[in-house]
Amino acid sequence: QVQLVEPGGGSVQAGGPLRLSCAATGYTWSTFCMGWFRQAPGNAREGVGVIYTGEGSTTYADSVRGRFTISQDNAKNTLYLQINSLHSEDTAMYYCAAATYRDACSRLEASRFHFWGQGTQVTVSS
């Protein structure tokens, strides 16, 4: 129904910037909430931030607020995650996700999202 494709993240140096992209295809008109999550080996998947696609308003986890910015280009059906000042602790597999109901954006909870990208590895070198 909805397919999410994430180009590769890659390895970057600590302190540097990085932008991740997530291109959505299919029934994108129904994706009222989208988000970014990340998961490091041995750790649980944690929410990074979410965006109400209609309004463009965003919510971020405390750990990334001020460094991470979620944006969207509706004409291209693409979601972005701009990361500034990368930390080694940011190393993880990053996933974009979509939900068909707005309330999914009320909490950074992976179970609320049912369409997922394949994930892209971000490795931060210290």
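Before reading further, recall that the structure is shown in the block above.
Cut-offs applied
- Residues numbered from 1 in each chain as written.
- Predicted model: local features only at pLDDT ≥ 70, side-chain atom pairs only at ≥ 80, totals over all residues.
- Heavy atoms only, no water.
- Core = buried A, V, L, I, M, F, W, Y, C linked by side-chain atoms within 4.5 Å.
- Buried < 20%, exposed > 50% of the residue type's maximum accessible area, 1.4 Å probe, protein only.
- Helix = DSSP H or I, 4+ residues; strand = E, 2+ residues; numbered from the N terminus.
- Contact = heavy atoms within 4.5 Å.
- Phe/Tyr/Trp six-rings, centres within 6.5 Å; stacked < 30°, edge-to-face > 60°.
- Lys NZ or Arg CZ within 6 Å of the ring centre and 35° of its normal.
- Disulfide = S-S within 2.5 Å.

> Help me understand the nonpolar core in this model?
Among soluble globular proteins, nonpolar side chains are generally buried collectively. Formed by 28 residues in total, the largest nonpolar core has its most connected members in Leu-4, Leu-20, Trp-36, Leu-79, Leu-81 and Tyr-94. Secondary structure elements with two or more residues in this core: β1 (2-5), β3 (18-26), β4 (33-39), β5 (46-52), β7 (68-73), β8 (78-83), β9 (92-99) and β11 (120-125). If we skip the residues at most four places from it in the chain, Leu-81 touches Leu-18, Arg-19, Leu-20, Trp-36, Val-48, Phe-68, Thr-69, Ile-70 and Tyr-94. Counting nine residues, the second-largest nonpolar core is a separate cluster that includes Cys-33, Phe-37, Tyr-52 and Cys-105.

> Explain the packing of aromatic side chains to me, please; I cannot follow it from the model alone.
Here a ring pair, both rings aromatic, is described through the centre-centre distance and the interplanar angle of the planes. Summed over all chains, the structure comprises four aromatic pairs. Between the aromatic rings of Phe-37 and Phe-113, the centroid separation amounts to 5.2 Å while the plane-to-plane angle is 70 degrees, which identifies the pairing as edge-to-face. Taken together, the positions of Phe-37 in strand β4 and Phe-113 in the loop between β9 and β10 (115-116) put the pair 76 residues apart, joining distant regions of the chain. Given the relative accessible area of 0%, Phe-37 is considered buried. By way of ring pairs, the aromatic residues Phe-37, Tyr-95, Phe-113 and Trp-116 are connected into one cluster. Cation over ring: Arg-45 sits above Tyr-95, and NZ or CZ is 3.9 Å from the ring centre.

> Even after reading the chapter, I still don't get the state of the cysteines, so can you show me in this structure?
As used here, a disulfide is simply a covalent bond connecting the sulfur atoms of two cysteines. Scanning the model with the defined rule gives two disulfides in all. The disulfide that involves Cys-22 links it to Cys-96, with 2.0 Å between the sulfurs. On the sign convention where negative is left-handed, the bridge of Cys-22 and Cys-96, at about 60 degrees about the S-S bond, is right-handed. Taken as a pair, Cys-22 in strand β3 and Cys-96 in strand β9 lie far apart in primary sequence, 74 residues in all.

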